[in-house]
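Chain residues, written in single-letter form:
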Amino acid sequence: MIKSGKLINIDSDIDFAVKQASKIYFEGGVFIYPTDTVYGFGANPFNEEAVNRVNEIKGREAGKWYILLINGMNNLLKYVELKSEKDMDFLISIWPNPVSVILNLNNKTKGILKRDTAAFRIPNNRFCQKLLSEIKMPLISTSVNKNTQAPLTEPSLIKDKFASEVEAVFYTEKKSFFDASTIIDLSDAKLKIVREGKIKFEELLAKYEA
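What this report covers is the structure whose coordinates are included nearby. Computed from a predicted structure; not experimentally measured.

On to the nonpolar core, then. Of all hydrophobic cores here, the largest spans 69 residues; its most connected members are Leu 91, Trp 95, Phe 120, Phe 127 and Phe 170. Broken down by element, the residue count for this core peaks at six residues, all from helix H1 (residues 14–26). Setting aside residues up to four positions removed in sequence, Phe 120 forms contacts with Leu 68, Ile 70, Leu 76, Tyr 79, Val 80, Trp 95, Val 99, Ser 100, Val 101, Leu 103, Leu 105 and Pro 138.

Within the secondary structure layout, Val 54 lies in helix H2 (residues 48–58). Residue classification places Val 54 among the buried positions, given a relative accessible area of 0%. When sequence neighbours within four positions are dropped, the list of residues in contact with Val 54 reads Val 30, Phe 41, Ala 43, Tyr 66 and Thr 142.

Right, let's talk about the environment of Lys 200 for a bit. Here Lys 200 lies in the loop between strand S10 (192–195) and helix H8 (201–209). Residue classification places Lys 200 among the partly exposed residues on the basis of a relative accessible area of 44%. When the C-alpha positions of Lys 200 and Val 99 are compared, they lie 9.5 Å apart, and in sequence the two are 101 residues distant.

On to the sheet that holds strand S7 (residues 139–143). Spatial ordering of the open sheet is given by S1-S8-S2-S3-S7-S4-S6-S5-S9-S10, a layout of ten strands whose pairing is mixed. The open sheet has two edge strands, strand S1 (7–9) and S10, and neither has a second partner. Here the strands of the sheet are splayed against their neighbours by 30° on average, with no regard to which way each runs. Packing against the sheet, H2 makes contact with strand S3 (40–42) and S7, and its axis sits at approximately 5° to S7. Lying over the sheet, helix H4 (residues 85–94) contacts strand S5 (99–104) and strand S9 (182–185), oriented at roughly 160° with respect to S5.

It is worth spelling out the layout of surface pockets at this point. Empty space among the atoms becomes visible once a probe the size of a water molecule is rolled across them. Of the pockets and cavities examined, the largest pocket occupies roughly 540 Å³. For the lining of the largest pocket, the secondary structure elements donating two or more residues are strand S6 (117–121), S7 and S10. Sorting elements by how many residues they give to the lining of the largest pocket places S6 first, with four residues. Partitioned by chemical class, the residues of the lining of the largest pocket number twelve nonpolar, twelve polar and six charged.

Counted by the stated rule, this structure contains seven salt bridges. Residue Lys 19 is joined to Glu 134 by a salt bridge in which the shortest nitrogen-to-oxygen separation is 3.0 Å. Placement of the pair is Lys 19 in helix H1 and Glu 134 in helix H6 (residues 126–135), with a sequence separation of 115 residues. The class for Glu 134 is partly exposed, based on a relative accessible area of 32%. In this structure, the salt-bridge partner of Asp 36 is Arg 121, at a minimum N-O distance of 2.8 Å. Placement of Asp 36 in the loop between strand S2 (31–33) and S3 and of Arg 121 in strand S6 is noted, with a sequence separation of 85 residues between them.

The rules we used
- As a convention, each chain's residues are numbered from 1 in the sequence order in which they are written.
- Confidence filtering applies because this is a predicted model: local features only for residues at pLDDT of at least 70, side-chain atom pairs given and counted only at 80 or more, and all residues used for totals across whole chains, interfaces and linings.
- For side-chain calculations, the full set of non-hydrogen atoms in the structure is used, while hydrogens and water are omitted.
- We define the nonpolar core as a collection of buried residues of types Ala, Val, Leu, Ile, Met, Phe, Trp, Tyr and Cys that are connected through side-chain atoms lying within 4.5 Å of one another.
- Relative accessibility thresholds used throughout: buried, under 20% of the residue-type maximum; exposed, over 50%; partly exposed, between the two (1.4 Å probe, protein chains only).
- Per the convention used, a helix needs a DSSP run of H or I reaching at least four residues, while a strand needs a run of E reaching at least two, with both numbered from the N terminus.
- By definition in these notes, contact holds between two residues if any of their heavy atoms fall within 4.5 Å.
- Following DSSP output, two strands are said to pair if at least two bridges run between them.
- The axes are straight lines fitted to the C-alpha atoms, using for helices just the contacting stretch, and the angles between their N-to-C directions are given from 0 to 180°.
- Site definitions follow a grid-based scheme: protein atoms alone, a 1 Å grid, a 1.4 Å probe that fits but cannot get out for cavities, and for pockets an open set with protein on both sides within 12 Å along at least five of seven lines, plus lining residues having an atom within 4 Å of a point.
- Grid points are joined across faces, edges and corners, and a volume is the space filled by probe spheres set on the points.
- Amino acid classes used here: Ala, Val, Leu, Ile, Met, Phe, Trp, Tyr, Cys and Pro are nonpolar; Asp, Glu, Lys and Arg are charged; the rest, including Gly, are polar.
- Salt bridge criterion: a side-chain nitrogen from Lys or Arg within 4 Å of a carboxyl oxygen from Asp or Glu.

The values are spatial; any link to function lies outside them.
Okay, here's the thing in structure tokens:
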């Protein structure tokens with residue numbers, strides 16, 4: 001039986017929803033929430049137990065990493081090392097948008113996450129922006145599905161399939177757009193495409209080379 005408190009409509013009171021999601025985040029829980037792409041599992045990437053739970057829920061092997069949402073450039077620079085001012089200007093020009101960018105982590109973050117790079121995005125979504133401003137830390141974002149299966153985008157299906165496995169499902173009744181984010185790699189000398197989504201790579205490359 002799913003507790004009614006676990007199903008939270010963000011349209012009813014977005015500030016209450018943000019406070020609840022923030023509480024779950026800092027307590028090491030896992031929740032589902034709408035983003036500027038598909039619905040995502042959310043958790044604290046610096047909490048190993050929370051990351052392991054996301055892996056278990058998705059049926060995904062440990063070691064693979066997730067996109068991290070962040071609220072702004074100043075916060076991002078606490079975790080990454082950009083190669084140049086050009087890269088900084090480029091990121092400012094493309095965000096907020098459904099574009100996830102693989103970046104080099106700084107030494108402190110490398111030591112904590114035990115990896116050299118991670119993909120970040122400043123999302124174009126009001127709930128995400130308010131939540132990220134509240135927690136002031138990166139937030140895991142990975143599609144709501146079992147490994148190898150298609151992402152679920154309908155709140156009713158998400159509730160039926162996953163509500164019993166997470167602390168809360170935050171959902172909206174407003175029309176959403178479910179294009180995956182474009183993923184690009186800015187960790188090396190040359191900008192590379194990893195996955196093309198709603199934003200076309202040609203458009204991003206033109207901005208990068210401008």
